[in-house]
Amino acid sequence: MRDLLGLAERKKSRLILALDFVSGDPAVFADRLLAALEPLVVGVKVGLPLALRMGFRGVCELVERYGSGYYFLADFKLADIPDVVREELALLSEAGFDGSIVHLFPMGLEEALSGVRGHDVFGLVAMSHAGSRLLDEHFEDLLRYASRLGIRGVVAPATKPGLVARARAFLPEDYLILSPGVGAQGAEPGSALRHGATFEIVGRSITASEDYYGAAERVVESQRRVIGE
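Residues numbered from 1 in each chain as written. Predicted model: local features only at pLDDT ≥ 70, side-chain atom pairs only at ≥ 80, totals over all residues. Heavy atoms only, no water.

Keep this limit in mind: UniProt positions are given in the numbering used here, feature names are shortened, and annotations may be inferred rather than shown by experiment.
The name an unreviewed UniProt entry gives the protein chain is Orotidine 5'-phosphate decarboxylase, with Thermofilum pendens as the organism. In the Pathway (unreviewed entry) part of its UniProt record, the protein chain is described as follows: "Pyrimidine metabolism; UMP biosynthesis via de novo pathway; UMP from orotate: step 2/2."

Shown next as structure tokens:
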């Protein structure tokens with residue numbers, strides 16, 4: 001499994017690229033981005049939109065081709081009975097993913113995580129869109145549950161910086177906080193880091209740019225001003 005923090009230190013970056021919205025041939029587009037952005041991007045978040053466009057075999061080939069330079073995060077928001085989630089995590093690990101994002105609200109993850117080795121798990125405690133009221137109302141419950149599970153970290157939105165700060169104050173120091181919502185959804189690069197996030201997840205403001213390298217470079221430069229690198 002690739003070391004997420006080690007890659008961050010080597011690249012002086014806290015940028016995770018969200019490959020959700022792509023244009024043209026998805027395999028060609030993803031290949032072009034990942035070939036160019038390796039000096040700047042630490043991780044790649046792969047969600048269902050890309051997997052459905054490319055097919056899971058195509059995604060696995062992408063992970064294998066670029067596995068030496070990126071941390072690959074499966075963003076399929078796993079939410080099922082423990083036996084199913086355990087099997088999904090095992091299969092994603094076998095496919096070469098370094099970590100996965102899971103929903104915490106089904107509970108029962110203690111059983112699902114038993115036997116999972118060498119694969120990071122991140123629990124979703126809040127979402128970046130304004131309408132996620134039910135999750136927000138149970139934010140503290142989800143934080144407490146994430147803390148008990150002993151997982152690698154949580155996902156908390158940059159668009160709700162107060163929640164990021166509360167997560168950082170509540171969770172153990174070694175928990176990572178991944179913050180989506182930077183760019184197209186309105187949060188400024190570096191803003192989540194200032195509130196305690198470890199990494200920022202950025203998608204469309206890079207992938208939809210005609211100069212995606214320049215767009216990623218501007219994000220990383222903003223992050224470096226916050227983290228002092």
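**Remarks on the overall build of the protein chain**
In plain terms, the rule: Only DSSP runs of H or I covering at least 4 residues are called helices, and only runs of E covering at least 2 are called strands; the numbering of each starts at the N terminus. For this measure, only C-alpha atoms enter the radius of gyration; the expected value for a globule follows 2.2 Å times N^0.38, where N is the number of residues. For each residue, the accessible area found with a 1.4 Å probe, counting protein chains only, is set against the maximum for its type, and the residue is called buried under 20%, exposed over 50%, and partly exposed in between. The contact criterion used throughout is that any non-hydrogen atoms of two residues lie within 4.5 Å. A residue counts as positive if it is Lys or Arg and as negative if it is Asp or Glu; His and the chain ends are not included. Taken as the charge location is NZ of Lys, CZ of Arg, CG of Asp or CD of Glu.
Looking only at helices and strands, one finds 12 helices and 8 strands in the protein chain. For 229 residues, the compact-globule estimate of 2.2 N^0.38 gives 17 Å, and the C-alpha radius of gyration of the protein chain, at 16 Å, lies within 12% of that figure. Taken over the C-alpha atoms alone, the protein chain extends approximately 45 × 35 × 35 Å along its principal axes. A total of 229 residues make up the protein chain; the buried ones form 54% of that total. Once local pairs closer than 6 in sequence are excluded, the contacts in the protein chain between residues at least 24 apart make up 70%. With 25 positive and 31 negative side-chain charges, the protein chain shows a spacing of 3 Å between the two charge centroids.

**Some words on unusual backbone geometry**
Excluding glycine, a negative phi dihedral is what most residues carry, and trans is how most peptide bonds are arranged. Here the phi dihedral of Lys12 falls at roughly 50 degrees; this positive angle occurs in a residue that is not glycine. For Lys12, the position within the fold is in the loop between helix H1 (4-11) and strand E1 (15-19). Classification of Lys12 by relative accessible area gives partly exposed; the value is 32%. The backbone of Met107 shows a phi angle near 60 degrees, a positive value even though the residue is not glycine.

**Section: the packing of helix H2 (residues 26-37) against helix H12 (residues 212-227)**
To keep things clear, this is the line we draw: Helix axes are fitted to C-alpha atoms over the stretch in contact, other axes to C-alpha atoms as well, and angles between N-to-C directions run from 0 to 180 degrees. To sort the angles, those under 35 degrees are grouped as roughly parallel, those over 145 as roughly antiparallel, those from 65 to 115 as roughly perpendicular, and the leftovers as oblique. Handedness of a helix crossing follows the sense of rotation of the near helix relative to the far helix, less than a right angle counterclockwise being left-handed and clockwise being right-handed.
In contact at an axis separation of 10 Å, H2 and H12 are set at 50 degrees when each is read in the N-to-C sense. Relative to H12, H2 is oriented oblique. Between H2 and H12 lies a crossing of right-handed hand. Contact residues: Arg32, Leu33, Ala36 and Leu37 in H2; Tyr212, Tyr213 and Ala216 in H12.

**Examining the pattern of salt bridges**
Heads up, the rule is: Any Lys or Arg side-chain nitrogen located within 4 Å of an Asp or Glu carboxyl oxygen qualifies as a salt bridge.
This model, assessed by the stated rule, comprises 14 salt bridges. For Arg10, the salt bridge goes to Glu38, with nearest N and O atoms at 3.8 Å. Here Glu38 lies in the loop between H2 and strand E2 (43-47) and Arg10 lies in helix H1, a separation of 28 residues in the sequence. One salt-bridge network, held together by shared partners, links Asp20, Lys45, Asp75 and Lys77.

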